[in-house]
Amino acid sequence: MKYLLKNLQIIDPTLHINQISDIIIENGIIKKIAENINPSDDVKTIEFEKTICTLGFFDMHVHLREPGYEQAETIKTGSDAAAEGGFTAIACMPNTNPTIDTSEVVESILKKSENHIVNVFPIGAVTKGRKGESLSPIYEMHESGAVGFSDDGVAVKTANMVKLALEYSKLIGTPLIEHCEDESLFGGSINEGTISTELGLPPIPSVAEELTIARDILLAQYTQGKLHIAHISTKNSVDLVRNAKAKGLNVTAEVTPHHFSLTENSLRSYDTNYKMNPPLRTEEDVEAIIEGLIDGTIDVIASDHAPHAQEDKEVEFVQAPNGIIGLETEVGLALSELYNKKKLSIEQIIEKLAINPRQILNIEIPQIKIGNKAEFTFLIPDKIWAVNLSQSKSKSKNSPFDKKLLTGKAIGIFNNSKLYLNGEYV
Amino acid sequence: MSLSSKHLLGLRNTPREDIELIIDTAKTFREVLERPIKKVPTLTGKTVVNLFFENSTRTRISFELAQKRLSADTINFSTSTSSTKKGETFKDTIKNIEAMKIDMIVVRHQSAGVPDFLTRISNANIINAGDGRHEHPTQALLDFFSIEEKLGKLSGKNVCIVGDVSHSRVALSNIFGLQTLGANVSVCGPATMIPRNIEKLGVKIYQKVEDAIRRNDVLNVLRIQLEREAGGGIPNVNEYHKYFGITSERLEKYNPEIVILHPGPINRGVEITSEVADGPYQLILEQVTNGVAIRMAILYLLGTHPN
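Residues numbered from 1 in each chain as written. Chains lettered and ligands numbered in written order. Predicted model: local features only at pLDDT ≥ 70, side-chain atom pairs only at ≥ 80, totals over all residues. Heavy atoms only, no water.

Undergrad: Hey, could you go over unusual backbone geometry for me, with residue numbers and the actual values?
TA: Glu 66 of chain A connects to Pro 67 of chain A through a cis peptide bond whose omega is 5°. Inspection of the secondary structure assignment puts Pro 67 of chain A in the loop between strand E5 (57-62) and helix H1 (75-85). Cis geometry is found at the peptide bond from Asn 277 of chain A to Pro 278 of chain A, where omega equals 0°. Checked against the element boundaries, Pro 278 of chain A lands in the loop between helix H8 (257-261) and helix H9 (283-295). We note that Lys 101 of chain B has phi near 65°; this positive angle belongs to a residue other than glycine. With a relative accessible area of 68%, Lys 101 of chain B lands in the exposed category. (Helix = DSSP H or I, 4+ residues; strand = E, 2+ residues; numbered from the N terminus. Buried < 20%, exposed > 50% of the residue type's maximum accessible area, 1.4 Å probe, protein only.)

In structure tokens form, the structure reads like this:
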């Protein structure tokens, strides 16, 4: 199959390209990049308007729920949601049932994701069963295709196990991806502060996150290991990562769209779609996170896409599981809150959604040049649209953003020889 | 006159006019309670379900009595475990009960926010009888009724809530409602029992119980739940009693005029001595009687609500 994509603003910060061009793709490979290429009969021609074509976006923090929780999401439905949201690749977390803690589970996920437009990269559990007691077969899982290791959902239990994981993973150069949360300070439902006091909900102190980040950074310094902090959410956390980077440590961090676009004030409705872990924090924390995105302290935007079936989420607030779906609103929120509000440039957005996640996980960046595989995300940064959960490709609908107006949208992707545009394959 | 809402979820957003209407209506019902025949036909034909997901004796009996005095039909549903554990979701339990055509739900639940959640899944009038550590509005309203009976209007009065404020739904409803009525509200207890940022709600904190006694017209003394010791909030009940217990000696020394409330049940010798609990300062049994009148007023006002 041969495609001619016309009138695209091609942006590849790794090659310092920002130009209006046409592109010819043949059998999934970039054949030609030039202005005013003439259509011919054997080529499927698509005319674009005001559209950016950039490196395919990569979401490094997704819960696909398969195996084990297919009532909430499957590899297929989660990948469909990723395509709809503008991602050509995603990394999936290991808190499945069974846990992704053997190469067999890694291989079965890769097998099930074959032939999709979206590539799936499994993240393995650091410890067996995510119990924090003994290392899982990290090397073997890496050989089968696991790109990083995490006990996400909980922090790696003990300092000793973090130390071992940071040391052992040097063999393969993969990061330890930490969900930072001190177990002894946990047990609540929302951020500890004025709102938890007002609502009478059991609180989670911000220091629960910060303590574990501090522990892990000290261990990363001690071992010279590679540490990635998942879903950072507080001002002190941003400061801790900033200081670690200033010392030259191999520490990176990610933030979710909800942590830069919402505060704990949303919780006054007791709507379980605002219940997440880490919890929504204060205005001051959101400002610090945006500051961290601007100065590069926070490397990555990732969704923490966490599907939950309606019957599980539509319960008493304290009993409700944490998390929201995010793949289909992530790019819209990033463009609305960060690019269109002039906090980040389009290049910075691309770094945090396409370049940095791959660098952290040692995955080759699909640069936009002749002879390379065509792996693109198409963006219209000023397109105004309303989120419509009933149209979501995800199997679950747990999101607080239904009907929200956003400015900026990923309208499609090209990957694995397939073009997905405006909700359909072309 | 009618209330601005068809539910009573809490006092956080309840306007002053509503609180005053409930208290005024309760005064009428209080008179009914003094009659030889204590029943009126006001809610004949209305069905009220008492949904108690947490142990409660006094609040449940008080509500049930209020319903019977108003001639409503009453159904009791009590379970100490959440129905979720039995394989049925909370929502399904409510939908099933509602399908039996009921008018009002009185709910007590260990999770904050359950009454709000009920308004989204049910068309009945919802009355919060205590949700987690969030609110217990009928308790606070009977406290206000009792204080005003004794001291006159609450506006400008100084009221201090003493004890485990962090885990108390009575405290939060008192704070919101008292502020709406123009009283000055403070709390007193060790910092482990005072929720974070409470001062941002306009509440003063007293570290020492002696200061709280000296500077207030009313103390609302909370029950110290003995199982909280395990959570580490206090070393033990003896130490709590030594430094925060309400004793006759302290009251006589620092403020013999003070009025003492307690939502019950009392731990004699822990947060309050028997001498105080049975003595001249307290309104404790008055609160219990007023509780029936307040609940009658709320049931009446919501049961005849135009919406």
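Undergrad: Can you break down the sheet that holds strand E8 (residues 218-221) of chain B residue by residue, with the values?
TA: Residue and element names in this part refer to chain B. An order of E7-E6-E5-E8-E9 is seen for the five strands of this open sheet, with the pairing classed as parallel. Two strands in the sheet have a free side with no partner beyond their single neighbour: strand E7 (204-206) and strand E9 (259-261). The mean inter-strand angle of the sheet, taken between neighbouring strand axes irrespective of direction, is 25°. Pairing of E8 with E9 involves three bridges; the strand directions are parallel. Residue Asn 220 lies in a different strand from E9, and its bridge partner there is Leu 261. (Pairing = 2+ DSSP bridges. Axes fitted to C-alpha atoms, helices over the stretch in contact; angles between N-to-C directions.)

Undergrad: Pulling in residues and values, what's your account of the side chain of Ser 186 of chain B?
TA: Considering the arrangement of structural elements, one finds Ser 186 of chain B in strand E6 (residues 184-188). For Ser 186 of chain B, the residues in contact, after removing those within four places along its chain, are Val 159, Cys 160, Ile 161, Val 203, Lys 204, Tyr 206 and Asn 216 of chain B. (Contact = heavy atoms within 4.5 Å.)

Undergrad: An account of the environment of Glu 316 of chain A is requested, with residue identities and associated values reported.
TA: In this fold, Glu 316 of chain A is placed in the loop between helix H10 (310-313) and helix H11 (330-339). Residues Glu 316 of chain A and Asp 271 of chain A, 45 residues apart in the sequence, show an inter-C-alpha distance of 9.6 Å.

Undergrad: I'd like to hear about the environment of Asn 184 of chain B, residue by residue, with values.
TA: Residues and elements named next belong to chain B. Here Asn 184 shows up in strand E6. Note: C-alpha distance between Asn 184 and Lys 204 (20 residues apart in sequence) is 8.5 Å. Residues contacting Asn 184, with those up to four places away along its chain left out, are Gly 156, Lys 157, Asn 158 and Val 159. Here Asn 158 takes part through its side chain, which lies 2.7 Å from a polar atom of the side chain of Asn 184. (Polar contact = N/O pair within 3.5 Å; in protein donor to acceptor, adjacent residues only side chain to side chain.)

In short, geometric facts, not functional conclusions.
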